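What follows is each chain in one-letter form.
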Amino acid sequence: RGCVWRTCLMLSLTVVTLTRSLESKTLGRCRESVQAALVPGVKHEVIVCPREQFHTRMRYETMTMDDYTTIVDDDDTIDEHALSRCVEIINDNKLDMLFTDEVIRIESDGSTFDSVRGKRSFDSVNASPVSIHNLCVLKSKAIDPSALKIALQYGIGIEWLVRSSVALNGKVGHLAE
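Please read all numbers here as calculations on a predicted model, not as lab measurements. (Residues numbered from 1 in each chain as written. Predicted model: local features only at pLDDT ≥ 70, side-chain atom pairs only at ≥ 80, totals over all residues. Heavy atoms only, no water.)

Q: Before we go on, may I ask you to explain the overall build of the protein chain in this structure?
A: A count of helical and extended segments in the protein chain gives five helices and eight strands. Starting at the N terminus and ending at the C terminus, the protein chain contains elements arranged as β-α-β-α-β-α-β-β-β-β-α-α-β. With 177 residues in all, the protein chain has 44% of them scored as buried. Partitioning the intrachain contacts of the protein chain with sequence separation of at least 6 by distance along the chain shows that 76% fall at a separation of at least 24. Summed over all atoms, the accessible surface of the protein chain reaches about 9400 Å², with 53% contributed by carbon and sulfur. (Helix = DSSP H or I, 4+ residues; strand = E, 2+ residues; numbered from the N terminus. Buried < 20%, exposed > 50% of the residue type's maximum accessible area, 1.4 Å probe, protein only. Contact = heavy atoms within 4.5 Å. Areas by Shrake-Rupley, 256 points an atom, 1.4 Å probe, with all protein chains shown as cover.)

Encoded structure:
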């Protein structure tokens, strides 16, 4: 596969970006950051999901579309080394889920880019839907199929439900910045 040991995933990983429109003002920066971070065995898919009522179902389907998936929202960017580090850790530890810290970025004008959420820790993985916002790699076989039904029935966020379930029942790792 043209891989260097530890930086090539032994299974398949897809980075998914869901967007309401390919014309999104922030999509370009997101795409650039993901492209800069790609390693052999990892691909990036941009999927348009224009209607809110399909959002939960679409997010669930993307989380189960490959051996491993991660969702990078169209207004997010990732570090150029994030995917290679995640691949190394997943390969070494056979994890069901790996999440990174959310990083506050300082823009060229001196302003900070953060969603007012601040850093999150391993202890907060089940505390809030935004606890592991920045990058979370999930093994699709670790996802409970009943998560979609529950999320739709009760109107709760599918990512929070899936991540909580995997965190409680699977092998989880935390990659600190």
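Q: How should I be thinking about the side chain of S33 in this particular structure?
A: For S33, the position within the fold is in helix α1 (residues 27-37). Of the residues examined, S33 reaches a relative accessible area of 11% and is grouped as buried. The residues contacting S33, other than those within four sequence positions of it, are D76, T77 and I78.

Q: What is the right way to read empty space enclosed by the protein from this model?
A: One water molecule sets the probe size; rolling that probe over the atoms shows where empty space is left. Within this structure, the stated rule accounts for one cavity of 30 Å³ or more. Put simply, the largest cavity is a space of about 30 Å³. Lining the largest cavity we find M63, T69, T70, I71, C136, L138, E159 and R163. Of all the elements in the fold, those that place two or more residues in the lining of the largest cavity are β3 (68-71), β7 (136-139) and α5 (158-169). Per-element accounting of the lining of the largest cavity gives the leading share, three residues, to β3. Its residues assigned to classes, the lining of the largest cavity shows four nonpolar, two polar and two charged. (1 Å grid on protein atoms, 1.4 Å probe; cavity = no way out; pocket = protein on both sides within 12 Å on 5 of 7 lines; lining within 4 Å. Points joined across faces, edges and corners; volume = space filled by probe spheres on them. Nonpolar A, V, L, I, M, F, W, Y, C, P; charged D, E, K, R; others polar.)

Q: Can you walk me through the pattern of salt bridges in this structure?
A: Where charged atoms from two side chains of opposite charge come close, those side chains can pair. Going through the model one piece at a time under the given rule, you end up with five salt bridges. With a shortest N-O distance of 2.8 Å, R59 and D73 are connected by a salt bridge. On the criterion of sequence distance, the pair formed by R59 in helix α2 (residues 55-63) and D73 in the loop between β3 and α3 (82-93) is long-range, its members being 14 residues apart. By relative accessible area, which is 7% here, R59 ends up buried. Assessed through its relative accessible area of 18%, D73 is described here as buried. A salt bridge links R85 to E88; the nearest nitrogen and oxygen atoms lie 3.1 Å apart. A residue pair is termed a helical-turn pair when its members lie 3 or 4 positions apart in one helix, as R85 and E88 do in helix α3 at three residues. (Salt bridge = Lys/Arg side-chain N within 4 Å of Asp/Glu carboxyl O.)

Q: How do you make sense of the sheet that holds β3 when you look at a structure like this?
A: Whether parallel or antiparallel, the strands of a sheet pair through hydrogen bonds between backbone atoms. Strand order in the open sheet formed by six strands is β2-β1-β3-β7-β4-β8, and the pairing between neighbours is mixed. With one partner strand each, in any of the chains shown, β2 (42-48) and β8 (172-175) form the two edges of the open sheet. The mean angle between the axes of side-by-side strands here comes to 20 degrees, regardless of whether they run parallel or antiparallel. As paired strands, strand β4 (residues 97-100) and β7 are joined by three bridges and run antiparallel to one another. (Pairing = 2+ DSSP bridges. Axes fitted to C-alpha atoms, helices over the stretch in contact; angles between N-to-C directions.)

Q: What is the right way to read the pairing of β7 from this model?
A: In regular strands, side chains alternate between the two faces of the sheet. Where β3 meets β7, three bridges bridge the pair, whose relative direction is antiparallel. Among the inter-strand pairings, T69 is bridged to a residue of β7, identified as L138.

Q: How should I be thinking about the packing of helix α4 (residues 146-154) against α5 in this particular structure?
A: Packed helices, taken two at a time, are described by the angle their axes make and the gap between the axes. At a minimum axis separation of 9 Å, α4 and α5 run at an interaxial angle of 140 degrees. Compared by their axis directions, α4 and α5 come out oblique. In this structure, α4 crosses over α5, and the sense of that crossing is right-handed. Residues A147, L148, I150 and A151 of α4 form the contact with α5, whose participating residues are I158, L161 and V162. Broken down by class, the residue content of the contact of α4 with α5 amounts to seven nonpolar, no polar and no charged. (Parallel < 35°, antiparallel > 145°, perpendicular 65-115°, else oblique. Left-handed = near helix turned anticlockwise from the far one by under 90°.)

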